[in-house]
Each structure stands twice: as C-alpha cells, then as structure tokens.
Amino acid sequence: MSSFQFTKMHGLGNSYIYVNLFEEQLEEESLPEIARQVSSVYTGIGSDGLILISPSDRAEVKMRIFNNDGSEGKNCGNGLRCVAKYAFEHKLVTNETFKIETLSGLVEAKVHVNNDLVELVTVDMGEPRLLKADLPMAGDNQEKTINEPMEFAGEVYQATAVSMGNPHLIFYVDNINQAPVTSLGPIVEKDERFPEGVNVEFVEVVSKNELHFRVWERGSGVTQACGTGACAAVVSSVLNGHTSQGEETTVHLAGGDLLINWTKTGTVLMTGPAEVVCTGTFFLR
Ligand SMILES: N[C@H](CCC[C@H](N)C(=O)O)C(=O)O
C-alpha cells in the first residue's frame, strides 16, 4: 500500500491537496486516479483536486493541477497563491517575489509576509488570450467572442470567451443568486464547440469596480472560487464596458473576495488569501 505526505490548502474555499514532489514521488500514469481518490469527501480527503509542487528548470517551482475528475488543468489562480505560500514557508524559494511555471507559461508571485507567515499573495497572471484559437473553441481561429449570441439547450445567451491559459466563458446576469450555475454550467462545460471543455462563469455587475461571481468549473463542477475565472471575468467586464482597464476591481466570489486589475501594461494582477487546512499521510487504494 503506497502512501504520500500531503498538505490541504485553500484559496477562498477552493481547496486542493498539495503534494511536494521535492520530497515525494508519484507515478505519472497514476496522477488522474490519485486526484480522484484524494478529492472524494467520502473515501478521500475532500477537495476540488490535486496540485503538485515540483522542481522546474524555467522557474523556482512548477505547479501542475488536476481537477477532481482527474483531468489536468493548465492553470489555477487559487492554486498559484497556495503554491506561493507553501514554497515560501517551506523555503523552496528565498525571495518574496519569484516565478512559478505552469502548463500555460510562467507567472510571477509576490508573497505578503507577516511574522514569517504568508497571508496574502499577488500573482501577475500574464496577459489574457482572446482569440477562438486560444481557448480553444470552434469558429474562425482569429476571431474573438465578445458579447456574442450562443445557443445552449435551445436558449440564446450573450457570451464572452477569455483564456487565462485555461478556457472561460462568461455570462452576465441581473441577480447572481439566480444564476443558472448548476443547470447551464454542465451543459456549456461539455459543449462540442469547446473541444477541451470550458470553465463557465456568471457575473452580476455591481459597479464600475465591483462584480458578483459564481462558477461551474471544468472538471470540478461548482467551486467556492476560481482565480483564473475571476481574472477572466474582469477582462470580460472591461471588454463589455462594465469596468475599466488599469483600475482594481473587487470580485465577490462565494468563498470571499479577490482584487483583480487588468493593468494598462496588459497583464492581469490577482491578489487574495491562501490558507493551510491540514497535513497528513494519504494511503492510496
Ligand atoms: N477547472 C480549471 C482548473 C482550476 C482553476 C481554478 N480553480 C482557479 O482557481 O483558477 C480548468 O480545468 O481549467
């Protein structure tokens, strides 16, 4: 019976099981099954997935993320803040600002330290990608999808597509508490126009600097928060004229708030908390 040490961490309630591959070894072909096992609230630890922290030849550390269905995501905003906290507190890095490698490129994290503990993290998530080819999604590869009518299950919705290294489709609603997260989310996630699937976000505009936000995540379903999704929602809101580029927007997610700024230099800054829940030994079935 093989086992490994883990740390459960969360960003605004979006929790993952973190494994430090500087110290542990996991078989590559077992990773999807390990993600499914640790994520189960009944027979596992309970989380939205698995995140691996490993050495990198391009950055101080590398992050890989697996959703709770075992699929591998290419980026994870809440995960990046927790990886940054873990790396700093476990002395995998020496500076308060450092780079993290993801499957969708390098990002830069800055930890905000208080009494040797990291409470808040700011991540420069890089530039959003707006072309259909970037998501990927069906249609003219060089076109963008901004406030476009799209039909799902017989209804037409206005949709905006943004990639933060992973795909997001954003819908605007008048009342976030009535957003069709569990009814429309799974339909859109698996729509054939998104060959790699898509994360589905619902946004209520409160003001020019404030959004309400809910999410149906690709590979995990409803989560308390989605960092890349919040970044995509702010980019979408600028593109749709609801908020302004270069100004900080407060995004109210189910698990709490993120501060997001699609800067005038073109990259998206995300600031929010990262917390440790527990550590332990997991015994693989
Ligand atoms: N479900 C996402 C990965 C997790 C992203 C989310 N938890 C975040 O904080 O960005 C995907 O398959 O693209």
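What counts, and at which threshold
- Residues numbered from 1 in each chain as written.
- Predicted model: local features only at pLDDT ≥ 70, side-chain atom pairs only at ≥ 80, totals over all residues.
- UniProt positions renumbered as here; feature names shortened; annotations may be inferred.
- Near = placed C-beta within 6 Å.
- Helix = DSSP H or I, 4+ residues; strand = E, 2+ residues; numbered from the N terminus.
- Nonpolar A, V, L, I, M, F, W, Y, C, P; charged D, E, K, R; others polar.
- Buried ≥ 20, exposed ≤ 12 C-beta atoms within 10 Å, placed from the backbone.
- Contact = placed C-beta atoms within 7 Å.
- pLDDT = per-residue confidence, 0-100.
- Core = buried A, V, L, I, M, F, W, Y, C linked by C-beta atoms within 7 Å.
- Domains from an automatic or database assignment.

Per an unreviewed UniProt entry, the chain is named Diaminopimelate epimerase, and its organism is Metabacillus halosaccharovorans. Annotation of the chain in UniProt includes, under Catalytic activity (unreviewed entry), the sentence "(2S,6S)-2,6-diaminopimelate = meso-2,6-diaminopimelate". According to UniProt, the comment filed for the chain under the heading Pathway (unreviewed entry) is "Amino-acid biosynthesis; L-lysine biosynthesis via DAP pathway; DL-2,6-diaminopimelate from LL-2,6-diaminopimelate: step 1/1."

Asks: Hey, could you run me through the site of the ligand in this one?
Replies: Every one of the 19 residues lining the ligand counts as a neighbour, but G73, N78, N166, G227 and T228 are closest to it. Residue assignment for the shell around the ligand shows that the elements contributing at least two residues are strand 4 (61–67), helix 2 (77–89) and helix 4 (227–239). Considering only residue class, the shell around the ligand consists of three nonpolar, 14 polar and two charged.

Asks: Whenever I open this one, the environment of I176 confuses me. Can you help?
Replies: Structurally, the position occupied by I176 is in the loop between strand 11 (167–172) and helix 3 (181–189). Exposure remark for I176: the 18 C-beta atoms within 10 Å place this residue in the partly exposed category. Taking C-alpha positions, I176 is 6.4 Å from H212, a pair spaced 36 residues apart along the chain. With sequence-adjacent residues up to four places away left out, I176 is seen in contact with F202, E204, H212 and R214.

Asks: Help me understand the UniProt feature "active site" (unreviewed entry) in the chain, please; the structure alone is not making it clear to me.
Replies: UniProt feature "active site" (unreviewed entry): in the numbering of this structure it lies at C76 and C226. Spanning 151 residues, the annotated positions come together in the fold, the maximum distance between their C-alpha atoms being 7.5 Å. With respect to the helices, strands and loops of the structure, C76 is situated in the loop between strand 5 (72–73) and helix 2. Not counting residues up to four positions away in its chain, the partners in contact with C76 are I51, I65, G227 and T228. Mapped onto the secondary structure, C226 falls in the loop between strand 14 (221–222) and helix 4. Filtering out sequence-adjacent residues up to four positions away, C226 remains in contact with N14, N199, V215 and E217.

Asks: In this structure, what is going on with the confidence of the model for the chain? I would like to understand it.
Replies: Parts of the prediction with low pLDDT should not have their coordinates interpreted in detail. Residues of the chain with pLDDT of at least 70 account for 100%, and the chain-wide mean is 98. As scored by the predictor, the complex reaches a pTM of 0.98 and an ipTM of 0.99.

Asks: How do you make sense of the nonpolar core when you look at a structure like this?
Replies: In globular proteins that are soluble, nonpolar side chains generally tend to be buried together. Among the nonpolar cores identified, the biggest contains 74 residues, and Y18, L50, I51, V83, A84, A230 and C231 are the most heavily contacted of them. Composition of this core by domain shows at least three residues from each of domain 1 (3–123 + 273–283) and domain 2 (132–266). Once you skip the residues sitting within four places of it in the chain, A84 turns out to touch I100, A109, V111, V121, V123 and A274.

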